[in-house]
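Overview (structure and organization)
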Amino acid sequence: MTVLNIDKLISNFPLLQQVIALEEVVWFNPNVTTLERGLPYVGLGEQDIHDASLRLQRFAPYLAKAFPETHVTNGIIESELIDIPAMKLALETHYQQPIKGRLMMKKDSHLPISGSIKARGGIYEVLTHAEKLAIEAGLLCEGDDYSKLLEPEFRNFFTQYSIAVGSTGNLGMSIGIMSAKLGFTVSVHMSADARAWKKSKLREHGVNVVEYEEDYGVAVEQGRKEAEQDPRCFFIDDENSQALFLGYSVAGQRLKQQFEQQHISVDKEHPLFVYLPCGVGGGPGGVAFGLKMAFGDHVHCIFAEPTHSPCMLLGVHSGLHDEIAVQDLGIDNLTAADGLAVGRASGFVGRAMERLLDGYYTLTDEHMYQLLSELNQAEGIQLEPSALAGMPGVIHVEQNSEYLARLQIDESTLANATHLVWATGGGMVPKEEMAAYLEKLSV
Ligand SMILES: *Cc1c(COP(=O)(O)O)cnc(C)c1O
């Protein structure tokens, strides 16, 4: 590890003064480039996304039976794309600024099985691992009807293997529920931020929940250590996993189809801005990769983080990526947005994706709570605090004339723009917990 000279860092990157003061900040990266130029740094391509999509199709008959709530979509885990016109009005009032483009929301909050964006990446990586084991053991071929995985023979087979993961909550939920359903022995190492209801839900599914007083970084580290001692244990590495990333990336093509179905254009005259809450970076990074591959240079991805956990902004802005944590700047990584409570960004996502991500901003917990309540009032939709982080993005974009000029987006193009807030979680939050959120209490 490099020894950090914080004073020098701050003088090189004055924005960090505001970051350290826990002020809300916005940074549009002037070094972003085209998909053509940025793609080689990702190290993954169209074929990888296609393979992931085919794998999910192979598993669809199994998922449709194993999780009846996915029956209506034939075992494909996908969320709705909706307009939120009443929230648009509420935001205009809140920020005293008109919003020219169309405001939409992607309801990953209501994805089946685990009620968050992690139902994309987490479930995909468990399925990838299960398929590999079963194929190697000669129990499964890619051409099979995968609903045979429901047979006791497979459950017995998977029981010999275990899966471990470190999580702030939602990743643990996805991986725990999916692994337990297949028959794996599964341990979820939960950071202090993880909500009690998530832990008890996992225990109901027979998952071994290990609790920590420390943050996400420690939970991940402990999970990694436990897995290293057992050759039959597979560690899902949220900080570095390409499989997770690819599971998320399938969202790009799926969203493109939804836009086509709803007759919404995305092209030079109709830009698309997408606002993604960011924790360690795998979820928003993978989705952004998929979106870039689907829509090319006409989609602009912007990451949102809590003022107390701005790890990706810090990593990309300073160029230090996972060589710096927010704690190195004296920032505590304590936030009510438990899905985003990560102090050190992924070692892979920022380096792979920084050229293709337009910007980053932070917001306070109070701000998220306020938006949570406004969305509930305006649209009757309830989300967990993390999932609101994308909401102010539209204001930052429409207000930043320098950024818009760089993109060569004028007033009339801006009026044709679609702004998509990626709502990342909340669909499974218990009633009482939601009531407390709505009263802006942290319980
Ligand atoms: C995990 C999560 C995110 C961010 O995903 P990362 O892969 O950690 O960046 C955002 N919102 C919610 C609700 C999450 O659970």
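Our subject is the structure that appears above.
Residues numbered from 1 in each chain as written. Predicted model: local features only at pLDDT ≥ 70, side-chain atom pairs only at ≥ 80, totals over all residues. Heavy atoms only, no water.

Re the sheet that holds strand S2 (residues 81–83)
The pairing of strands in a sheet comes from backbone hydrogen bonds and takes either a parallel or an antiparallel form. Rules: In this description, strands pair whenever DSSP reports at least two bridges between them. Where helices and strands are cited, they refer to DSSP runs of H or I of at least four residues and of E of at least two residues respectively, numbered from the N terminus. To obtain an axis, a line is fitted to C-alpha atoms, over the contacting stretch when the element is a helix, and the angle between two such axes runs from 0 to 180 degrees between their N-to-C directions. Residues are treated as being in contact if the distance between any of their heavy atoms lies within 4.5 Å.
Strand order across the open sheet formed by seven strands is S1-S10-S9-S8-S11-S3-S2, with mixed pairing between neighbours. In this open sheet, the two strands that pair with only one neighbour each are strand S1 (26–28) and S2. Taken pair by pair, the neighbouring strands of this sheet meet at an average axis angle of 25°, ignoring direction. The pairing of S2 with strand S3 (residues 102–107) spans three bridges and is antiparallel. Along S3, the bridge assignment pairs isoleucine 82 with methionine 105. Packed on one face of the sheet, helix H12 (residues 251–261) meets S2, S3, strand S8 (272–277) and strand S11 (418–423) and runs near 130° to S11.

Describing the environment of lysine 198
Quick reminder of the rule: Two N or O atoms form a polar contact when they lie within 3.5 Å of each other; inside protein one atom must be a possible hydrogen donor and the other a possible acceptor, and for residues adjacent in sequence the pair counts only when both atoms belong to side chains.
Take lysine 198: it is sitting in helix H9 (residues 196–204). In the structure, lysine 198 is positioned 71 residues away from glutamate 269 in sequence and 43 Å away in space, judged by C-alpha atoms. Within polar-contact distance, the side chain of lysine 198 engages the side chain of aspartate 338 at 3.0 Å.

Side note on the site of the ligand
As a reminder, the rule being used: When at least one non-hydrogen atom of a residue lies within 4 Å of a molecule or strand, that residue is treated as near it. Areas reported here follow the Shrake-Rupley algorithm with a probe of radius 1.4 Å; residue values treat only the protein chains shown as occluding. For this classification, the nonpolar set comprises Ala, Val, Leu, Ile, Met, Phe, Trp, Tyr, Cys and Pro, the charged set comprises Asp, Glu, Lys and Arg, and every other residue, Gly included, is treated as polar.
In the vicinity of the ligand, 16 residues are found, and the nearest of them are Lys118, Asn170, Gly281, Gly283 and Thr424. Lysine 118 places a side-chain nitrogen or oxygen 2.7 Å from an oxygen atom of the ligand. Taking 370 Å² as the accessible area of the ligand by itself, protein coverage stands at 98%. Counting residues per element, the shell around the ligand draws most heavily on helix H13 (residues 282–295), at three residues. Residue classes in the shell around the ligand are distributed as five nonpolar, nine polar and two charged.

Focus on the pairing of strand S5 (residues 185–190)
We apply this condition: Whether a residue is buried, partly exposed or exposed follows from its accessible area with a 1.4 Å probe, protein chains only, as a fraction of its type maximum: under 20%, in between, or over 50%, in that order. With its strands directed away from the observer, a crossover is right-handed exactly when the path from the first strand over the helix to the second travels clockwise.
Counting buried residues along S5, five of its six residues qualify, which places the element largely inside the surrounding structure. As paired strands, strand S4 (residues 162–167) and S5 are joined by six bridges and run parallel to one another. Bridge pairing in S5 places serine 162 opposite threonine 185. Of the crossover connections in this fold, the one passing from S4 over helix H8 (residues 170–182) to the parallel S5 is right-handed. Across four bridges, the pairing between S5 and strand S6 (residues 208–211) is parallel.

Side note on the environment of serine 346
Residue position: serine 346 is located in the loop between helix H14 (311–318) and helix H15 (349–353). Given a relative accessible area of 2%, serine 346 falls into the buried group. Distance in space between the C-alpha atoms of serine 346 and glutamate 323 is 9.9 Å, their sequence separation being 23 residues. Residues in contact with serine 346, not counting those within four places in the same chain, are Glu239, Val280 and Asp322. A polar side-chain atom of serine 346 sits 2.8 Å from the main-chain carbonyl oxygen of glutamate 239.

Some details on the packing of helix H5 (residues 85–95) against helix H16 (residues 365–379)
Note the cut-off: Oblique is the label for any angle not covered by the other classes, which are roughly parallel (under 35 degrees), roughly antiparallel (over 145) and roughly perpendicular (65 to 115). Handedness of each helix crossing follows the sense of rotation of the near helix against the far helix: counterclockwise by less than a right angle gives left-handed, clockwise gives right-handed.
Relative orientation of the contacting elements H5 and H16 amounts to 135°, with a least axis distance of 8 Å. With respect to H16, the axis of H5 lies oblique. Crossing handedness for the pair H5 and H16: right-handed. Here Pro85, Ala86, Met87, Ala90, Leu91, His94 and Tyr95 of H5 come into contact with H16, specifically with His367, Gln370, Leu371, Glu374, Leu375, Ala378 and Glu379. Across the contact of H5 with H16, the residue classes tally to nine nonpolar, three polar and two charged.

Let's talk about the sheet that holds strand S7 (residues 233–236)
Pairing within the open sheet is parallel, and its four strands lie in the order S6-S5-S4-S7. Of all the strands in the sheet, just S6 and S7 have a single pairing partner and so form its edges. The sheet shows a mean angle of 20° between the axes of neighbouring strands, direction not considered. By the bridge criterion, four bridges tie S4 to S7 in an arrangement that is parallel. Paired with serine 162 across the strands is cysteine 233, a residue of S7. Most of the contacts of helix H6 (residues 118–136) go to S7, to which it runs at about 150°, and overall it touches S4 and S7. In the packing of H9 onto the sheet, the strands contacted are S5 and S6, and the crossing angle to S6 comes to about 150°.

Observations concerning unusual backbone geometry
The phi dihedral of asparagine 74 is positive, around 55°, even though this residue is not glycine. For asparagine 74, the location among the structural elements is in the loop between helix H4 (46–66) and S2. With a phi close to 45°, histidine 321 is a non-glycine residue in the positive phi region. Here histidine 321 is to be found in the loop between H14 and H15.

Some thoughts on the pattern of salt bridges
Spelled out, the test is: Here, a salt bridge means any side-chain nitrogen of Lys or Arg that lies within 4 Å of a carboxyl oxygen of Asp or Glu.
Scanning all chains against the criterion turns up 23 salt bridges. When the shortest N-O distance is used, the salt bridge between arginine 224 and glutamate 221 registers 3.4 Å. Taken as a pair, arginine 224 and glutamate 221 lie in helix H10 (residues 216–228) at a separation of three residues, close to a single helical turn. Given the relative accessible area of 33%, glutamate 221 is considered partly exposed. Through salt bridges with shared partners, a single ionic network connects Glu78, Lys106, Asp108, Arg120 and Arg254.

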